[in-house]
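# Tertiary structure, described
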Amino acid sequence: MIPGNRAGTWAEALLTFVQRYPGVHLREIRRRLGIPIGTLDYHLYRLGREGLIAVRFQGGYKCCYPAVSDAEKAPIPEPKKLLLALLRHPVPRALLLQLYLDGPSSPVALGDAIATTGPNLAYFLRRLESMGVLAREGQGSHRLVRLTDPKAVHEVLLLYPPLPESVVDRFVRFWSELHP
Amino acid sequence: MDFSTLTNVAFGGIALLGVVLLGLGLLALRRAPSPRLGLAAAAFALVAVEGTLVGYGLIVGGWDAVTLLFLTAVFEAVALVVLFVATLVR
């Protein structure tokens, strides 16, 4: 049985976290807040029933959104929910940021820029294309990847902060960014 | 001038720092497995072993200065080589 005050604290922490980082998925919340998965599920259900949090499945992840976003002062529109959930994952986030900052790019240049393997890149490009977030044009060596709506990515990046980096994230980034 | 206490603390610190960095390295390796992170974690493991072994030899074992210096030099050299190789692979 969960003690009342602790349950209240967890629910509050969960609500605050989801309000601050909409689109975050269940396992990430568990990792960041240290709430056991069963307890987290229970609180998500309760907060959902009260109309405070909306949950939807995307790409095999249970993504959580506040019913009304502080940033929008309204429920988050569906296209933004899709982008937010993608921006909470490292590889799609790196891909979208790279395409947003540098414009259309070849798959090879993209793979080099975000330092990922060919199969991993191909998997995420296929997924993002099927969601309508990016488009691939041209053939063979002239193939280019571009964002379908850079303005929407810009708005989401402006309105919603990225998840804070943990010490392990910074360690991985430091070593990954070293070039021979 | 007697440096024995300072030396004990220094090797204790090396062992502790090595263990912390090794823990971080292993967590990072689990999150994003790559040869580079594996080598970085291995280098920090060497630092942790160096601190522990030399610290043991110094405080408990009573090993002579030449042995301790030799061990330190070997561990440092191997750790530096491993870290250098880590910068060459991805």
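Each value, and the rule that gives it
Residues numbered from 1 in each chain as written. Chains lettered and ligands numbered in written order. Predicted model: local features only at pLDDT ≥ 70, side-chain atom pairs only at ≥ 80, totals over all residues. Heavy atoms only, no water. Helix = DSSP H or I, 4+ residues; strand = E, 2+ residues; numbered from the N terminus. Buried < 20%, exposed > 50% of the residue type's maximum accessible area, 1.4 Å probe, protein only. Areas by Shrake-Rupley, 256 points an atom, 1.4 Å probe, with all protein chains shown as cover. Pairing = 2+ DSSP bridges. Core = buried A, V, L, I, M, F, W, Y, C linked by side-chain atoms within 4.5 Å. Contact = heavy atoms within 4.5 Å. Buried area = accessible area lost by both parts, 1.4 Å probe. Salt bridge = Lys/Arg side-chain N within 4 Å of Asp/Glu carboxyl O. Polar contact = N/O pair within 3.5 Å; in protein donor to acceptor, adjacent residues only side chain to side chain. Nonpolar A, V, L, I, M, F, W, Y, C, P; charged D, E, K, R; others polar. Domains from an automatic or database assignment. pLDDT = per-residue confidence, 0-100. Patch = residues over 30% accessible without salt bridge, like charges linked within 9 Å, V, L, I, M, F, W, Y side chains within 5 Å. Axes fitted to C-alpha atoms, helices over the stretch in contact; angles between N-to-C directions.

### Focus: the overall build of chain B
Scanning chain B from N- to C-terminus turns up three helices and zero strands. Going from N to C terminus, chain B has its helices and strands arranged as α-α-α. Taken along the three principal axes of its C-alpha coordinates, chain B extends 45 × 20 × 20 Å. Buried positions account for 29% of the 90 residues belonging to chain B. Entry remark: accessible area of chain B is about 5300 Å², with carbon and sulfur atoms responsible for 80%.

### Observations concerning the pairing of strand 5 (residues 144-147) of chain A
Residue and element names in this part refer to chain A. Of the two faces of strand 5, only one is covered, namely that formed by Val145 and Leu147; the face formed by Leu144 and Arg146 stays uncovered. Taken together, the four bridges between strand 4 (residues 134-137) and strand 5 define a ladder with antiparallel strand orientation. When the sheet's bridge partners are listed, glutamate 137 is paired in strand 5 with leucine 144. Between strand 4 and strand 5, which pair antiparallel one after the other, the connecting turn spans six residues, and glycine 138 there sits at a positive phi close to 80°.

### Observations concerning the nonpolar core
Residue and element names in this part refer to chain A. Leu83, Leu95, Leu96, Leu110 and Leu125 are the most contacted members of the largest nonpolar core, which has 27 residues in total. With six residues, helix 4 (residues 78-87) is the largest single contributor of residues to this core. Setting aside residues no more than four positions away along its own chain, leucine 110 makes contact with Leu95, Gln98, Leu99, Ser105, Leu121, Leu125 and Val145. Leu26, Leu47, Ile53 and Leu163 belong to the second-largest nonpolar core, a separate cluster that totals 15 residues.

### Regarding the interface of chain A and chain B
Opposite the 13 residues of chain A that make contact, chain B presents 15 residues. Here chain A and chain B share an interface that buries about 1200 Å² over both sides, 72% of which is from carbon and sulfur atoms. Joining chain A to chain B, the criterion identifies one salt bridge. The salt bridge involving Arg31(B) is made with Asp169(A); its shortest N-O contact spans 2.3 Å. Counting the contacts that link chain A with chain B gives two residue pairs in polar contact (both at pLDDT 80 or more). In terms of residue count, helix 9 (residues 167-176) of chain A provides more of the side of chain A that touches chain B than any other element does, seven residues in total. Residues that form the side of chain A that touches chain B fall into these classes: eight nonpolar, three polar and two charged.

### Focus on the domain arrangement of chain A
All names here are of chain A. According to the domain assignment, chain A contains domain 1 (1-75) and domain 2 (87-153). Each of domain 1 and domain 2 has a C-alpha centre, and these two points are 29 Å apart. Together domain 1 and domain 2 conceal approximately 480 Å² of surface at their shared face, both sides included; 55% is due to carbon and sulfur atoms. Joining domain 1 to domain 2, the criterion identifies zero salt bridges.

### Side note on the pairing of strand 2 (residues 53-58) of chain A
Residue and element names in this part refer to chain A. Judged from the six bridges that link them, strand 2 and strand 3 (residues 61-66) form a sheet pairing that is antiparallel. Paired with isoleucine 53 across the bridge in strand 3 is proline 66. Here strand 2 folds back onto strand 3, and the loop between the two strands holds two residues, one of which, glycine 59, carries a positive phi near 60°.

### A look at the confidence of the model for chain B
Residues at a pLDDT of 70 or more form 99% of chain B, whose mean pLDDT is 92. Averaged pLDDT values for the elements of chain B fall to 91 in helix 1 (residues 4-31) of chain B and rise to 94 in helix 3 (residues 65-88) of chain B.

### Regarding unusual backbone geometry
Apart from glycine, the bulk of residues carry a negative phi angle, and the bulk of peptide bonds sit in the trans form. Residue and element names in this part refer to chain A. One non-glycine residue, lysine 73, adopts positive backbone phi at about 55°. Tracing the chain through its elements places lysine 73 in the loop between strand 3 and helix 4. By relative accessible area, which is 67% here, lysine 73 ends up exposed.

### What about a nonpolar patch on the surface?
On the surface, a nonpolar cluster with roughly 550 Å² of combined accessible area is contributed by Val49(B), Leu53(B), Tyr56(B), Ile59(B), Val60(B) and Trp63(B). Checked against the element boundaries, Trp63(B) lands in the loop between helix 2 (35-61) and helix 3.

### What to know about the sheet that holds strand 2 of chain A
All names here are of chain A. A sheet is described by the order of its strands in space; here three strands give the open sequence 1-3-2, paired in antiparallel fashion. Edge positions in the open sheet fall to strand 1 (24-25) and strand 2, since each of these has one partner strand only. Where helix 4 meets the sheet, its contacts fall on strand 2 and strand 3, and the angle it forms with strand 2 comes to roughly 70°.

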